[in-house]
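Geometric and topological summary
Here is what each chain is made of, one letter per residue.
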Amino acid sequence: MEIVYVYVKKRSEFGKQCNFSDRQAELNIDITPNPELAALYMERNPVDKGVQCSASMSEHEANTERFEMENCGVNHIEGGWPKDVNPLELEQTIRFRKKVEKDENYINAITQLGLIMEHCIKQNNAIDIYQEYFDEEESVEVTEEAPSAKTINVFRDPQDIKRTATHLSWHPDGNKKLAVAYSCLKFQQAPMGMSHESYIWDLENPNRPEITLKPSSPLVTLEYNPKDSHVLLGGCYNGQIACWDIRKGSLVAELSTIEFSHRDPVYGTIWLQSKTGTECFSASTDGQVMWWDIRKMSEPMEVVVMDITRKEQLANALGAISLEFESTLPTKFMVGTEQGIVISCNRKAKTSAEKIVCTYSGHHGPIYALQRNPFYPKNFLTVGDWTARIWSEDSRESSIMWTKYHMAYLTDGAWSPVRPAVFFTTKMDGTLDIWDLVFKQCDPALSLKVCDDALFCLRVQDNGCLIACGSQLGTTTLLEVSSGLSTLQKNEKNIASSIFERETRREKILEVKHREMRLKEKGKTEGREDDQKEDELALNLDDLVSKAEEEFYEVIYSELKRKEAEAMKKTAKPRKSLSLEPGEETERAAGEEEEEKDEDGDEGREDTSP
Amino acid sequence: EVEETLKRIQSHKGVIGTMVVNAEGIPIRTTLDNSTTVQYAGLLHQLTMKAKSTVRDIDPQNDLTFLRIRSKKHEIMVAPDKEYLLIVIQNPCE
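Residues numbered from 1 in each chain as written. Chains lettered and ligands numbered in written order. Predicted model: local features only at pLDDT ≥ 70, side-chain atom pairs only at ≥ 80, totals over all residues. Heavy atoms only, no water.

Moving on: the sheet that holds strand β2 (residues 164-170) of chain A. Paired through backbone hydrogen bonds, the strands of a sheet run either parallel or antiparallel to each other. Residues and elements named next belong to chain A. Spatially, four strands are ordered β2-β3-β4-β5 in an open sheet, and the strand pairing comes out antiparallel. Strand pairing shows two members of the sheet lacking a second neighbour, β2 and β5 (211-213), which therefore form its edges. Between one strand and the next, the sheet's axes are offset by a mean angle of 25°, whatever the strand orientation. Pairing of β2 with strand β3 (residues 177-183), which is carried by six bridges, proceeds in the antiparallel orientation. When the bridges of β3 are listed, L168 appears paired with V180. (Pairing = 2+ DSSP bridges. Helix = DSSP H or I, 4+ residues; strand = E, 2+ residues; numbered from the N terminus. Axes fitted to C-alpha atoms, helices over the stretch in contact; angles between N-to-C directions.)

To continue, consider the confidence of the model for chain A. Residue and element names in this part refer to chain A. On average, residues of chain A score 78 in pLDDT, and 83% of them reach the 70 mark or higher. Per-element mean pLDDT across chain A ranges from 46 in helix α7 (residues 576-608) up to 88 in strand β23 (residues 422-427). Counting interchain partners and residues more than four positions distant, the pLDDT-below-50 stretch residues 577-610 has 32 contacts. (pLDDT = per-residue confidence, 0-100. Contact = heavy atoms within 4.5 Å.)

This part is about the pairing of strand β26 (residues 455-460) of chain A. All names here are of chain A. Both β26 and strand β27 (residues 466-471) contribute to a ladder of five bridges, which runs antiparallel. Along β27, the bridge assignment pairs R459 with A468. Counting the residues in the hairpin turn of β26 and β27 gives five residues, including G464, whose phi is positive at 80°.

Now for a nonpolar patch on the surface. Where nonpolar side chains cluster on the molecular surface, the patch consists of F552, Y553, I556 and L560 of chain A and spans about 430 Å² of accessible area. Checked against the element boundaries, Y553 of chain A lands in helix α6 (residues 529-571). (Patch = residues over 30% accessible without salt bridge, like charges linked within 9 Å, V, L, I, M, F, W, Y side chains within 5 Å. Areas by Shrake-Rupley, 256 points an atom, 1.4 Å probe, with all protein chains shown as cover. Salt bridge = Lys/Arg side-chain N within 4 Å of Asp/Glu carboxyl O.)

Here the focus is unusual backbone geometry. Residues and elements named next belong to chain A. Here the bond from N45 into P46 is cis, since omega is 10°, no more than 30 degrees from zero. The residue P46 is located in the loop between α1 (35-38) and α2 (90-102) in this model. Despite not being glycine, D385 shows a phi value in the positive range, around 40°. Turning to its location among the elements, D385 is positioned in the loop between β19 (379-384) and β20 (387-392).

As a further point, take helix α1 (residues 2-11) of chain B. In an α-helix, one turn spans 3.6 residues; hence positions three or four apart end up facing the same way. Residue and element names in this part refer to chain B. Within the sequence span of α1, burial applies to V2, T5, L6 and I9. Burial along α1 is one-sided: seen end-on, the buried residues are contained in an arc of 90°. More than 90 degrees from the buried face of α1, the exposed residues found are E4, K7 and S11. (Buried < 20%, exposed > 50% of the residue type's maximum accessible area, 1.4 Å probe, protein only. Arc of directions from axis to C-beta.)

Dropping the structure here:
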């Protein structure tokens, strides 16, 4: 062992040396029991004490190394033929078969088996032995079980440099596969050597992704085509749109040209309902929404600038972070922006300026998720800053319902496709909240900590049972929700719609009130003559009313005072003369005042009653 | 009478196919095409062996008399013997 460094310090510099010596035991303190203290206590007899006699056990866990399994198929070929028979030669096989058939054993066996078999066949034909007897009674699911969710599977990013799972998409048929887009969203902090790949996972095999997608730039969003499950659309970090066909391989099938693509990462891509099934549109924080046809990706079909002043200025445009499109309302779409405003647009508007229909503002920060309620498309959910809000298209001033401000930033949200009153949200502290509006509106029905790092995205499977959430380190967790949260309760649709309607009505009333107040304010400040006169009259009326009130109170007050003075008079008789005068004076004055005030009051009152 | 028995079985309502397989997995008699027969023969033979050994393991005095596999599409019935297997695929009418 080589000496790396030598520390030198003189012994004299250390301090006093310890010299140990032997010494006998010394008794320092001897406290004898004090019987007087015992008097403070009472002896307890009998004493109840639990004694347990059981085998002591210890818990130990061991983690085995991961066992890699691979599925392979085995191809059966005909075998078992005896050596002299060649299975390919028809003659030989026929000869062999004939020989077997002559065998006595064979004949007996077949007759026996035949009997048994016939019995079963007839049985099958006679009754359906697996018939459900009480099918008419629908199982009344009184789900008294508490809502719960458990993790089924975890898919980890196989790369060494971990990237955030930014978007998830379920396979449209059967939902057995999950496409996950990985990228690093921190501005220009993508580490060197970070892979651009995104994966498609098979739910059965969490060890290795099934298909790898290799774009030229990391993917921020990834969507399966709902019509054609082999085609995927991805939005890249550099603003391009890429399209894959799984049958062709893992390289990009179509890629949009850089000149006509977005200038910022593409945050939202959605497939459109079209006859060809090849149309899609994308949105990005550069403020543009573009429509594409994947057959011709060289330039977009249409571009709309998200400028709410309707001047088409890119400089004024708001960056789009989320995109919403419901196939039942094909001409409308909504965009959630970085500035916290939701813009509702109409695709079929004639002029580009009219494309933007209206805006809803209410969030303090970027709106990360935007989705219409699958049962009531007029209501939509937005998730941004520290709250989740539910809006109705009719009330533009504010949202109709909102959650309280949470401790952590909310990153994504989605409605449940099965229950109209249930939605899910994910937060930066790694928790998944499940809200059930029918059950409780102020708190989530269930709050689960999924992982230690922040959760970035969330996707619910079409049957409402499985939820996949992606986290900052690229782990995608698959959770299964309890049946109470994923089956439609009876009467739930009505309850949910009545909740939304009630809240919308409330907001409408508030809106109307606000508008009235604003009009009043405007009326006061504008100062036109008629208005002023009316206002003056109104003011006069108000004034008179307040005056009358004051006078009324004064009258009462003076009465009280007078009574007090009288009382004082009676008690202080010797000072009659002295007190009388001031008392009389006060009396008279009070009386006069009273009369005056009464008159005034009456007058005032007369004025106010036209 | 072997012919008779087999013909009778085949003529029952819902029966899709019948086959007789020997202990080595060679199909002796079949009404389906070759590839399907070979597949059924191989797979069902193994399954029957497994079922038989299971029954025997639980109770050595016991023996497998009949095996019924009901699937979504149809029902596969296997009648085992010392040397042969009679397999019938039926579509149970419900």
